[in-house]
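Chain by chain, the residues:
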Amino acid sequence: MADLSPQELRVLAAVADSGGFSAAGALLGLSQSAVSHSVRGSEAKVGAVLFERGRGGASPTPAGERAVALARRILRMYEVLGAEARGAGRDTVAGVLRIAAFRSAALHLLPPALERLTARHPGIRPEVRVVRELGAGTAGEVAAGRADLAIATLNAGGGGATGGVGGATGAGGSVPAGGAAPGRLLTGVLREEAYALVHPAGHPDPRSLPLLDWDENCGSYTRDWWRAQDWIPRATVKAEDDGMVLTMVGRGLGMAILPELSLREATDAVDITGLGPSGPVRHVGYVTAPESASTLAVRALIRELRSEAG
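Residues numbered from 1 in each chain as written. Predicted model: local features only at pLDDT ≥ 70, side-chain atom pairs only at ≥ 80, totals over all residues. Heavy atoms only, no water.

Peer 1: Any chance you could explain the overall build of the protein here in plain terms?
Peer 2: Within the protein, the regular secondary structure consists of 12 helices and 14 strands. Burial status across the protein gives 48% buried among its 310 residues. Restricting the contact set of the protein to residue pairs at least 6 apart, pairs at least 24 apart contribute 72%. Only carbon and sulfur atoms are counted for the fraction: they give 53% of the accessible area of the protein, which is about 14200 Å². (Helix = DSSP H or I, 4+ residues; strand = E, 2+ residues; numbered from the N terminus. Buried < 20%, exposed > 50% of the residue type's maximum accessible area, 1.4 Å probe, protein only. Contact = heavy atoms within 4.5 Å. Areas by Shrake-Rupley, 256 points an atom, 1.4 Å probe, with all protein chains shown as cover.)

Peer 1: Before we go on, may I ask you to explain the nonpolar core in this structure?
Peer 2: Generally speaking, a soluble globular protein has its nonpolar side chains buried in company with each other. Counting residues in each nonpolar core, the largest one holds 26 residues, and the members touching the most others are Leu-97, Leu-149, Ile-151, Leu-301 and Leu-305. Breaking this core down by element, the ones donating at least two residues are strand E3 (95–101), helix H5 (103–108), helix H6 (110–120), strand E5 (149–154), strand E14 (281–288) and helix H12 (296–309). With 6 residues, the single largest contributor to this core is H12. What Leu-149 contacts, discounting residues up to four positions off in sequence, is Arg-98, Ile-99, Ala-100, Val-142, Tyr-286, Val-287, Thr-288, Val-298, Leu-301, Ile-302 and Leu-305. (Core = buried A, V, L, I, M, F, W, Y, C linked by side-chain atoms within 4.5 Å.)

Peer 1: Honestly, the environment of Asp-3 in this entry has me stumped. Any pointers?
Peer 2: In this fold, Asp-3 is placed in the segment before helix H1 (6–18). For Asp-3, a relative accessible area of 66% corresponds to the exposed category. The spatial distance from the C-alpha of Asp-3 to the C-alpha of Ser-42 is 8.9 Å, given a sequence separation of 39 residues. Among all residues touching Asp-3, those that are not within four sequence positions of it are Glu-8 and Lys-45.

Peer 1: Just checking my understanding: could you explain the environment of Lys-45 for this structure?
Peer 2: For Lys-45, the location among the structural elements is in helix H3 (residues 32–46). Considering only alpha carbons, one finds Lys-45 and Ala-2, 43 residues apart in sequence, at a separation of 5.6 Å. Within the structure, the side chain of Lys-45 is placed 3.0 Å from the side chain of Glu-8, a separation counted as a polar contact. (Polar contact = N/O pair within 3.5 Å; in protein donor to acceptor, adjacent residues only side chain to side chain.)

Peer 1: When you look at the side chain of Thr-138 in this model, what are you seeing that I'm missing?
Peer 2: Along the polypeptide, Thr-138 turns up in helix H7 (residues 137–143). Of the residues examined, Thr-138 reaches a relative accessible area of 0% and is grouped as buried. Of note is the side chain of Thr-138, whose polar atom sits 3.0 Å from the backbone oxygen of Ile-151. Once residues within four sequence positions are removed from consideration, Thr-138 is found in contact with Ala-100, Ala-101, Phe-102, Val-131, Arg-132, Glu-133, Ala-150, Ile-151 and Ala-152.

Shown next, in the form of structure tokens:
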């Protein structure tokens, strides 16, 4: 198979990002026919149809989704090559560092780590995107080539988390910890978090309250524990995220079961009760691609995250 050139990779990514050949041409300063010609050439080299064409534009086929993800990751390596070369031997690095994180990690885990990172490496410019842990979640941003590193909830297995990424009412993509995740991603555990019962302060019988939940809640990790608790009703109220759940509990609207990072925003309006040594836990860690794992910026960020996690 003939190699695809960097320009051909850029065209594939632009078509996927913009949803059409004309729009991709506008992004790249090319004509629609030049984009179409480039895509046909790439398909011939790859030996697969990469885009479905239609009146509404162009959308990646399964083969195209994989090709575009790899194209983004390869192009990213072109971008960091210069920074890596200049930083070699000087223990410093500059340039954009793209990070995906779920809400509570972006609020509480990342900021102190990034503060130390940028103090040591002033040339690094972090770009943080908050991504919901649904479907592919934050790890999917790495797999798709849109992030260099993700903070994700991990499936640690064996005594820890036992499910996949996703909500209590819907499964997401499973990300195993401490090894190779789907799509040959690399992971590492940063912290283990216990869940706790949170309820309105001073309530005489919090277990009588309705259960509040949110779509990202890691119920799939702890499904065996949940099923064994006959005092936990089905969720009757759903909120957009864990912060909203915590606010609603403080207003007396129900009880909830939340992990430690979410509970950092708790106020005096709520009481927190531990669930004991057999209670559920979740594992929070990083996800990165093999090619990114060896870069100076990602390695430096992982060191700071490990330091923050203690």
